[in-house]
Amino acid sequence: MEMVKCFMIVLILGLCHVSMAAPLEEKKSSRKTYIVHMAKSEMPPSFQHHTHWYDSSLKSVSGSAAMLYTYDNVIHGFSTQLTDEEAEQLESQPGILAVLPEVRYELHTTRTPEFLGLSQAAALFPESESASEVVIGVLDTGVWPESKSFADTGLGPIPSSWKGACESGTNFTSANCNKKLIGARYFAKGYEAALGAIDETKESRSPRDDDGHGTHTASTAAGSVVEGASLFGYAQGTARGMATRARVAVYKVCWIGGCFSSDILAAMEKAIDDNVNVLSMSLGGGMSDYYRDSVAIGSFAAMEKGILVSCSAGNAGPAPYSLSNVAPWITTVGAGTLDRDFPAFVSLGNGKNFSGVSLYRGSPLPGKMLPFVYAGNASNATNGNLCMMDTLIPEKVAGKIVLCDRGMNARVQKGAVVKAAGGIGMVLSNTAANGEELVADAHLLPATAVGQKSGDAIRDYLFSNPNPTVTILFEGTKVGIEPSPVVAAFSSRGPNSITSEILKPDMIAPGVNILAGWSGAVGPTGLATDTRRVDFNIISGTSMSCPHVSGLAGLLKAAHPDWSPAAIRSALMTTAYTEYKNKQKMQDVATGKPSTPFDHGAGHVDPVSALNPGLVYDLTAEDYLGFLCALNYTEFQIRSLARRNFSCDASKRYRVTDLNYPSFAVNFDSVMGGSNVVKHTRTLTNVGSPGTYKVSVSPETPGVKISVEPQTLSFSQANEKKSYTVTFSGSSQPTGTNVFARLEWSDGKYTVSSPIAISWT
């Protein structure tokens, strides 16, 4: 992964999601932070309040440990710092469900509204009053309140349901909030317990965003309309979030050193109390069982309160099994491209041109061909081709354009290294790891990025020509790029490594080269040497696609206040598309071939269709508890998630395949031989007009027969429910075989689609 200055630049480049780190050791002693899950119902009667019981339990194992946070909504329990021995001792006490070590998580527009069809569809969405009742909570790096994206012009009073606050701190007061940015809080106790006091010369101990990522995600979800927005003239137009009338509440949980699970849980605790309607979390949950994953645990509590939780899928693609945030009560979002590009061509001395992308806007190159050198030939370091810090020999690069290979350090930092060594420009070449995917950057010197094939051809020219020359031609902004969208190569992919029967990601949304608000404390590259300041920045990552869905969920919540989080997600999934208007299949930039449900889930969001989906697959908290029973979770593990006594019914047969999910993932055992049979049951709820729906499954799936019973469903009234069963009969296939299909219910007016992924393992 390209990384510099560890965390900050990971965010800014939009490679905004890193897998969960190992439980964090505290640097000062053998103490580290633990999150203690208590069985609240088992509190001895001698205690008047559960916090007294928590305190007494803690004091019984440690005379000095203090509680960092107490929790009541997301879990019953508290966080504290303990030695390993104290943690073991505490876990053995009655009434303690689990003592889990703290985990560090890390973070994972002008064109988007038109691309999603929202600009023409304003009349379809409800009037501003209901839209302005919706509150979208964003857990991230805070907010830059001066951004025009948070102007409250034309908004009425803050919703009476709002119970939140605007907290003061370094460079931030309650006066920074308004009728748009109605809440701002920060959470640092877990961070400071692990890494020591926040250095307030480097970041504000307050909700203020000194990084940019949080401002970008919050303004993407619900930014106000800002005319004349651009980054250095690129992507010029009117910037607007997905839900321009919705209110924003920010919860700063991410700092230079990461986002700590005790702080994340504390923020989710407050967001539930504050009465947010949607939670947007562009941060990584790693690969962990649901009862050990703080994001999954907090999201379960939010779901029970009717709050939709939208999370980024991660940026570890195109590797399979690379997803984060896969709990079925979370909406998991991958990334696709827009139909907009920022071309910058490489023109070689041999007359050949290669297309690249760039957001450079500064002093132009001299209007002539310039000397060209490969970084690997201008360095004494073994990895000199990567343009790492202090690896280039100034005498060999001065006055030249340098070809650098992608990898290890940040793309923009490579340009800074070339510039520091006296180079006047850079061509950045993808390697096999990134293939043909191009992500534009606001480089500090004239530079462009090219795909692997172009990079190989350019390298051949450099090696074969004794006096190679080059120049870069910057073309500005182009729209109407085809095909679009394509699945981004960095977008994390299925199958789901925690529960293979639940297909993830759920959907994709725009996540490449997204323009949105930015912090005034940092330049567009995030590098310390970047003294430029911008109101808007263009970055990429599933961190960018997640808030698109959060904002769209806010629009649907405004239109359908009675819909559950599962109904909203179902509407977005069953109306998503997987084909272009010319009927060609959606492409995956990583392979150049059609993408699959493991890449795009149900497909690319289509918010206008989602507003009126006809039928939805609904789910309740009880359904999810049955799902946990099907996973054979213990009573303790279920109580850690559900925060209440719940026993699986021993007389009932729980099956993961019965979870009423809007997609199908089927796993056959390739070693069994003969046929495998798997049945899935689903229930549809009518949210449209009366109608009779017929089912179809396409295309033909080699090695498996798919049958649906019944084949028609008739609905005569609103909220009527009808069930059906899908039987998958598979013959033997080699291990690793995957086939894909789509199941559709249609009455001629509505089409309700579900992706199917079938694997032999």
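Throughout this description, residue numbers start from 1 for each chain and increase along the sequence as written. Per-residue local features of the predicted model are confined to residues with pLDDT of at least 70, and side-chain atom pairs are confined, for both listing and counting, to 80 or more; whole-chain, interface and lining totals are unaffected and use all residues. The side-chain values count all of the structure's non-hydrogen atoms but skip hydrogen atoms and water molecules.

- Looking at an unreviewed UniProt entry, one finds the chain named Subtilisin-like protease SBT1.7, with Gossypium mustelinum as its source organism.
- The UniProt entry for the chain carries the following comment under Sequence similarities (unreviewed entry): "Belongs to the peptidase S8 family." UniProt positions are given in the numbering used here, feature names are shortened, and annotations may be inferred rather than shown by experiment.

1. Quick word on the overall build of the chain
Point 1. The secondary structure content of the chain amounts to 18 helices and 40 strands.
Point 2. Computed over the C-alpha atoms, the radius of gyration of the chain is 26 Å, within 12% of the 27 Å expected from 2.2 N^0.38 for a compact globule of 761 residues.
Point 3. Out of the 761 residues in the chain, the part that is buried amounts to 63%.
Point 4. Per-residue and other accessible areas were derived by the Shrake-Rupley procedure at a 1.4 Å probe size, with only the shown protein chains allowed to occlude residues. For the chain, the exposed area adds up to about 26700 Å²; of that, 51% sits on carbon and sulfur atoms.
Point 5. For the chain, the separation between the mean place of its 62 positive charges and that of its 69 negative charges on side chains is 4 Å. Secondary structure is summarised from DSSP: a helix means a run of H or I of at least four residues, a strand means a run of E of at least two, and numbering begins at the N terminus for each. What the globule rule says is 2.2 Å times the number of residues to the power 0.38, and the radius of gyration is computed from C-alpha atoms. Only protein chains enter the area calculation, which uses a 1.4 Å probe; residues under 20% of their type maximum are buried, those over 50% are exposed, and those in between are partly exposed. Counted as positive: Lys and Arg. Counted as negative: Asp and Glu, with His and the chain ends omitted from the count. To locate a charge, take atom NZ for lysine, CZ for arginine, CG for aspartate or CD for glutamate.

2. Concerning the sheet that holds strand S5 (residues 104-105)
Point 1. Strands were regarded as paired on the criterion that DSSP finds at least two bridges between them. Spatial strand order, S5-S12-S11: 3 strands in an open sheet with antiparallel pairing. With partners counted over all chains shown, the strands left at the sheet margins are S5 and strand S11 (254-255), one partner each.
Point 2. As paired strands, S11 and strand S12 (residues 258-260) are joined by 2 bridges and run antiparallel to one another. The residue of S12 that forms the bridge with Cys254 is Cys259.
Point 3. Where helix H8 (residues 261-274) meets the sheet, its contacts fall on S5 and S12, and the angle it forms with S12 comes to roughly 65°. Whether two residues are in contact is decided by their heavy atoms: any pair within 4.5 Å suffices. Axis definition: a line fitted to C-alpha atoms, over the contacting stretch in the case of helices. Angles run 0 to 180 degrees between N-to-C directions.

3. Here's the deal with helix H2 (residues 50-59)
Structurally, the α-helix is built with 3.6 residues per turn, so residues lying three or four positions apart point the same way.
Point 1. All of the buried residues along H2 are His50, Trp53, Tyr54, Ser57 and Leu58. Summarising the axial view, the buried residues of H2 lie within an arc of 135°, below the 170-degree limit, and thus occupy one face.
Point 2. Against strand S1 (32-38), strand S2 (67-71), strand S3 (77-82) and helix H3 (84-91) lie the buried residues of H2. Arc definition: it is the arc formed by the directions from the helix axis to the C-beta atoms.

4. Some points on the packing of aromatic side chains
Point 1. Between the rings of Phe, Tyr and Trp (Trp by its six-membered ring), a pair exists once the centres lie within 6.5 Å; its type follows the angle of the planes, with under 30 degrees stacked, over 60 edge-to-face, and the other angles tilted. All chains considered together, the criterion is met by 19 aromatic pairs.
Point 2. The interplanar angle of 50° and the centroid separation of 5.4 Å between the aromatic rings of Phe668 and Trp760 together place this pair among those described as tilted. Placement of Phe668 in strand S33 (residues 664-668) and of Trp760 in strand S40 (residues 751-760) is noted, with a sequence separation of 92 residues between them.
Point 3. Residue Phe668 is classed as buried on the basis of its relative accessible area, which comes to 1%.
Point 4. Members of the aromatic cluster, connected to one another through ring pairs, are Tyr290, Phe300, Trp329, Tyr624 and Phe627.
Point 5. Whether a charge sits over a ring depends on NZ of Lys or CZ of Arg being within 6 Å of the ring centre and within 35 degrees of the ring normal. Here the guanidinium or amino end of Arg208 rests over the ring plane of Trp144, the centre of that ring lying 4.5 Å away.

5. Considering the state of the cysteines
Point 1. In what follows, a disulfide is any cysteine sulfur pair within 2.5 Å. With the rule as written, the count across this model stands at 4 disulfides.
Point 2. Paired through a disulfide, Cys166 and Cys177 show a sulfur-sulfur distance of 1.9 Å. Its S-S torsion of approximately 75° makes the covalent link between Cys166 and Cys177 right-handed. Residue Cys166 is located in the loop between strand S6 (135-140) and strand S7 (181-186), and its partner Cys177 is located in the loop between S6 and S7; the two are separated by 11 residues in the primary sequence. Across the pair, exposure class does not vary: Cys166 and Cys177 are buried alike.
Point 3. Through a disulfide, Cys254 is tied to Cys259; the S-S separation comes to 2.1 Å. Measuring handedness by torsion sign, the sulfur bridge of Cys254 and Cys259 sits at about 105° and is right-handed.
Point 4. What makes Cys259 buried here is its relative accessible area of 0%.
Point 5. By sequence order of its bonded cysteines, the chain has the disulfide arrangement 1-2, 3-4, 5-6, 7-8.
Point 6. In this structure Cys311 is not part of a disulfide, and its nearest cysteine sulfur, from Cys546, lies 6.0 Å away.
Point 7. Cys546 sits in the buried class, given a relative accessible area of 0%.

6. Describing the sheet that holds strand S36 (residues 704-709)
Point 1. Reading across from one edge, S32-S34-S38-S36 is the order of the 4 strands in this open sheet, with antiparallel pairing throughout. Only two strands of the sheet have a single partner each, and these edge strands are strand S32 (615-616) and S36.
Point 2. Note that S32 and strand S34 (residues 676-686) share 2 bridges and pair antiparallel. If you follow Val616 over to S34, its bridge partner there is Thr685.

7. A few points about unusual backbone geometry
Point 1. In this chain, Gly494 is followed by Pro495 through a cis amide linkage whose omega measures 0°.
Point 2. For Pro495, the position within the fold is in the loop between strand S26 (486-487) and strand S27 (507-510).
Point 3. In this structure, Ala235 is a non-glycine residue whose phi angle is positive, near 60°.

8. Re the packing of helix H9 (residues 294-304) against helix H17 (residues 621-630)
The packing of two helices is summarised by the inter-axis angle and the distance between the axes.
Point 1. Between H9 and H17, the least distance of the axes is 10 Å, while the angle of their chain directions is 145°. When H9 is examined against H17, the residues Phe300, Met303 and Glu304 are found in contact with a partner set consisting of Ala621, Tyr624, Leu625 and Leu628.
Point 2. Among the residues making up the contact of H9 with H17, the classes are represented as 6 nonpolar, no polar and 1 charged. Any residue that is not Ala, Val, Leu, Ile, Met, Phe, Trp, Tyr, Cys, Pro, Asp, Glu, Lys or Arg is counted as polar, Gly included; the first ten are nonpolar and the last four charged.

9. What about the UniProt feature "active site" (unreviewed entry) in the chain?
Point 1. The sites that carry the UniProt feature "active site" (unreviewed entry) are, in the present numbering, Asp140, His213 and Ser543. Spanning 404 residues, the named residues nonetheless gather at one spot, since no C-alpha pair among them exceeds 9.9 Å.
Point 2. Relative to the helices and strands, His213 resides in helix H7 (residues 213-222).
Point 3. Overall, His213 belongs to the buried group, its relative accessible area being 0%.
Point 4. A residue is classified by how much of its surface remains accessible, and Ser543, at 0% relative accessible area, is buried.

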